[in-house]
Amino acid sequence: MMDVKKVRAQFPILDQIVNDEPLVYLDNGATTQKPKQVIEALEAYYEKDNANVHRGVHTLSERATTAYENARVKVQKFINAPFSEEVLFTRGTTTSLNWVALSFGELVINEGDEIVLTVMEHHSNIVPWQQLAKRKGAILRYIDITSDGKLDMNHARELIGEKTKIVSIAHVSNVLGTTNPIKELADLAHINGGYLVVDGAQSAPHMKIDVQELGCDFFAFSGHKMYGPTGIGVLWGRKVLLEQMEPVEFGGEMIDFVYKDHSTWADLPYKFEAGTPNIAGGIVLGAAIDYINELGIENIHTHEQELINYVLPKLQAIEGVTVFGPQNPAEHSAVIAFNIDGIHPHDVSTALDMEGIAVRAGHHCAQILIKELMQTSTVRASFAVYNTKEDCDKLIEAIHITKEFFLNGPI
Ligand code: 7TS
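These numbers were taken from a predicted model, which means no experiment stands behind them. (Residues numbered from 1 in each chain as written. Predicted model: local features only at pLDDT ≥ 70, side-chain atom pairs only at ≥ 80, totals over all residues. Heavy atoms only, no water.)

Q: Describe the side chain of S382, with residues and values.
A: The topology assignment puts S382 in strand β17 (residues 378-382). Contact partners of S382, with chain neighbours within four places excluded, come to Y25, L26, D27, N28, G29, A334, V335 and N387. (Helix = DSSP H or I, 4+ residues; strand = E, 2+ residues; numbered from the N terminus. Contact = heavy atoms within 4.5 Å.)

This is the structure we're talking about:
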């Protein structure tokens, strides 16, 4: 059993009053808060070790380089990647997916080829593929969802065929909370001679990731959604593929030799990491992984799932509330999007903020999905390891207060 009180105490930001109420932070799908040991790792780096990496032979540079490369190994172990040089540091999921589209897409996509996405994708797993399709004359296809917000696997089997070169899909939807069957999709893509790209932004913080077990070819995620800093993320790719790919950015550190008319590239992973990287970000992402490992990702998952089991039925029971995505709590991950009949989601979000509760309202960068759900926006409560059943109770109570205020007027 996780001692949530102890966990909460590690997050200084949570201990504050917002609009005269204790803060209840339920916008973890957007970004998570950071524990003391992660904040301290950032401070320690700048206070003791700051230097550029991979170039100086002086002591600080060696220290910074060692810490940065150790962080890469921590990421490798975190996702069970076969090789540390398959771990590329990026700015975040968005950059990671752009790199796959720009480099791998450029390599394998030709005119008439098909790229299969799903209607539940975040814009950062749609727009880079649209741009690639435009450049190459390729075709985009979208797998539908079922009425309870799961991926329609019959449709997936229909769409993924011999023209499919790339399937790119969210592991967990940032709106529906659906977890997609990655292994099955990887097999489908591979049988047809294609490749599977996974957007792990909403899964890596919440469940054990094993890229070998998932059977995917690329896996992207962000540090800031898993208790780490902003501006750092990861692209993992299979070595044989990364080796064939061209770099996306060019400049210092990514070259082997530079001649007047051409250049040759450094080995993996450096070929992709042009210029001075986000050194502090990489090292502190390593500290965030240490933090997750100390708690245990399985324990985090169990705790969050308990919260969903607790709060989802309570939400479903409120008259006028529609919850999107799987209705069975066991199939619903740590994000819950919902709407209240007759009240605009932005009004709901403002009213909840008045009660000290932070949620997100909007299209959640998933406009195709929101249209599919026949909404213009939704409210979304998203959970992390430091959330409690009391947070859930406060959310439910505040929704009742909000309904009362908007539907029956101020008392
Ligand atoms: N993919 C998914 C599934 C996401 O949820 C997000 C961010 C991204 C990609 C992009 O990640 P980034 O770190 O590069 O921005 N999602 C959200 C969200 O749901 N609310 O704010 C950001």
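Q: Which residues make up the packing of helix α2 (residues 36-49) against helix α10 (residues 279-295), and what are the values?
A: Two elements in contact, α2 and α10, have axes separated by 9 Å at closest approach and are oriented at 150°. Like other packed secondary-structure pairs, α2 and α10 cross with a definite hand, here right-handed. For the pair formed by α2 and α10, the contact residues are Q37, V38, A41, L42, Y45 and Y46 on the first element and I279, A280, I283, V284, A287, A288, Y291 and E294 on the second. Taken together, the residues that form the contact of α2 with α10 break down as 12 nonpolar, 1 polar and 1 charged. (Axes fitted to C-alpha atoms, helices over the stretch in contact; angles between N-to-C directions. Left-handed = near helix turned anticlockwise from the far one by under 90°. Nonpolar A, V, L, I, M, F, W, Y, C, P; charged D, E, K, R; others polar.)

Q: Any chance you could break down empty space enclosed by the protein for me, citing the residues and the numbers?
A: Enumeration according to the criterion identifies 2 cavities of 30 Å³ or more in this entry. Counted as a void, the largest cavity has a volume near 40 Å³. For the largest cavity, the full set of lining residues is V53, H54, E253, Y270, E273, G275 and P277. Classifying every residue of the lining of the largest cavity gives 3 nonpolar, 2 polar and 2 charged. One number sums up the size of the second largest cavity: a volume of about 30 Å³. For the second largest cavity, the full set of lining residues is H206, H301, E304, Q305, I308, S333 and A334. Class assignment for the residues of the lining of the second largest cavity results in 2 nonpolar, 4 polar and 1 charged. (1 Å grid on protein atoms, 1.4 Å probe; cavity = no way out; pocket = protein on both sides within 12 Å on 5 of 7 lines; lining within 4 Å. Points joined across faces, edges and corners; volume = space filled by probe spheres on them.)

Q: Mind laying out the environment of S263, listing which residues take part and the relevant values?
A: In this fold, S263 is placed in strand β12 (residues 263-265). What makes S263 partly exposed here is its relative accessible area of 25%. Separated by 13 residues in sequence, S263 and F250 place their C-alpha atoms 9.9 Å apart. Every residue in contact with S263, bar those within four places of it in the chain, is listed here: I255, F257 and V258. (Buried < 20%, exposed > 50% of the residue type's maximum accessible area, 1.4 Å probe, protein only.)

Q: A description of the sheet that holds strand β4 (residues 87-90) should follow, citing residues and the corresponding values.
A: For sheets, the rule is that strands pair by backbone hydrogen bonds, running either parallel or antiparallel. In space, the 7 strands of this open sheet follow the order β4-β10-β9-β8-β7-β5-β6, with mixed pairing throughout. Sheet topology places β4 and β6 (139-143) at the edges, where each strand pairs with a single neighbour. Averaged over neighbouring strand pairs, the angle between their axes works out to 20° when direction is ignored. Relative to strand β9 (residues 218-222), strand β8 (residues 195-199) runs parallel, the two being bridged by 3 bridges. (Pairing = 2+ DSSP bridges.)

Q: Could you give an account of the layout of surface pockets, with specific residues and numbers?
A: In this model, the largest pocket occupies a volume close to 450 Å³. As for the largest pocket, its lining consists of 19 residues, and the residues nearest its centre are M2, V4, H303, N387 and T388. Top contributing element to the lining of the largest pocket by residue count: helix α11 (residues 297-317), with 5 residues. Residue composition of the lining of the largest pocket, by class: 7 nonpolar, 5 polar and 7 charged. Estimated volume of the second largest pocket: approximately 310 Å³.

Q: Hey, could you go over a nonpolar patch on the surface for me, with residue numbers and the actual values?
A: A cluster of nonpolar side chains, contributed by F405, F406 and L407, occupies part of the molecular surface with about 280 Å² of accessible area. Topologically, F406 is positioned in helix α14 (residues 389-408). (Patch = residues over 30% accessible without salt bridge, like charges linked within 9 Å, V, L, I, M, F, W, Y side chains within 5 Å. Areas by Shrake-Rupley, 256 points an atom, 1.4 Å probe, with all protein chains shown as cover. Salt bridge = Lys/Arg side-chain N within 4 Å of Asp/Glu carboxyl O.)

Q: So what's going on with the sheet that holds strand β14 (residues 335-340)? Which residues, and what values?
A: With respect to topology, 4 strands assemble into an open sheet ordered β13-β14-β17-β16, the strand pairing being antiparallel. Bordering the open sheet on either side are β13 (321-323) and β16 (360-362), each of which pairs with just one other strand. Across the sheet, the axes of successive neighbouring strands diverge by a mean angle of 30°, strand direction being ignored. Here β13 pairs with β14 via 3 bridges, running antiparallel. Considered in β14, the bridge of V323 is made with F338. Docked against the sheet, α11 engages β13 and β14, running at close to 10° with respect to β14.

Q: Before we move on, could you go through the packing of aromatic side chains and cite the residues and values that matter?
A: Under the counting rule described, the total for this entry stands at 15 aromatic pairs. With a centroid separation of 5.9 Å and an interplanar angle of 65°, the aromatic rings of F11 and Y227 are classed as edge-to-face. Here the residue F11 occupies a position in the loop between α1 (4-9) and β1 (17-18), and Y227 occupies one in the loop between β9 and β10 (233-237), the gap between them amounting to 216 residues. When sorted by exposure, F11 lands in the same class as Y227, which is buried. (Phe/Tyr/Trp six-rings, centres within 6.5 Å; stacked < 30°, edge-to-face > 60°.)

Q: I'd like to hear about the domain arrangement of the chain, residue by residue, with values.
A: Once the domains are mapped, the chain shows domain 1 (4-28 + 296-408) and domain 2 (39-294). Tallying the contact residues gives 34 residues for domain 1 and 32 residues for domain 2. Together domain 1 and domain 2 conceal approximately 2,600 Å² of surface at their shared face, both sides included; 61% is due to carbon and sulfur atoms. A per-residue breakdown of the area domain 1 buries against domain 2 is headed by I297, I368 and L369, which together make up 23% of the total. The tally of links between domain 1 and domain 2 comes to 1 salt bridge. Between E331 and K150 there is a salt bridge, with the nearest N and O atoms lying 3.2 Å from each other. (Domains from an automatic or database assignment. Buried area = accessible area lost by both parts, 1.4 Å probe.)

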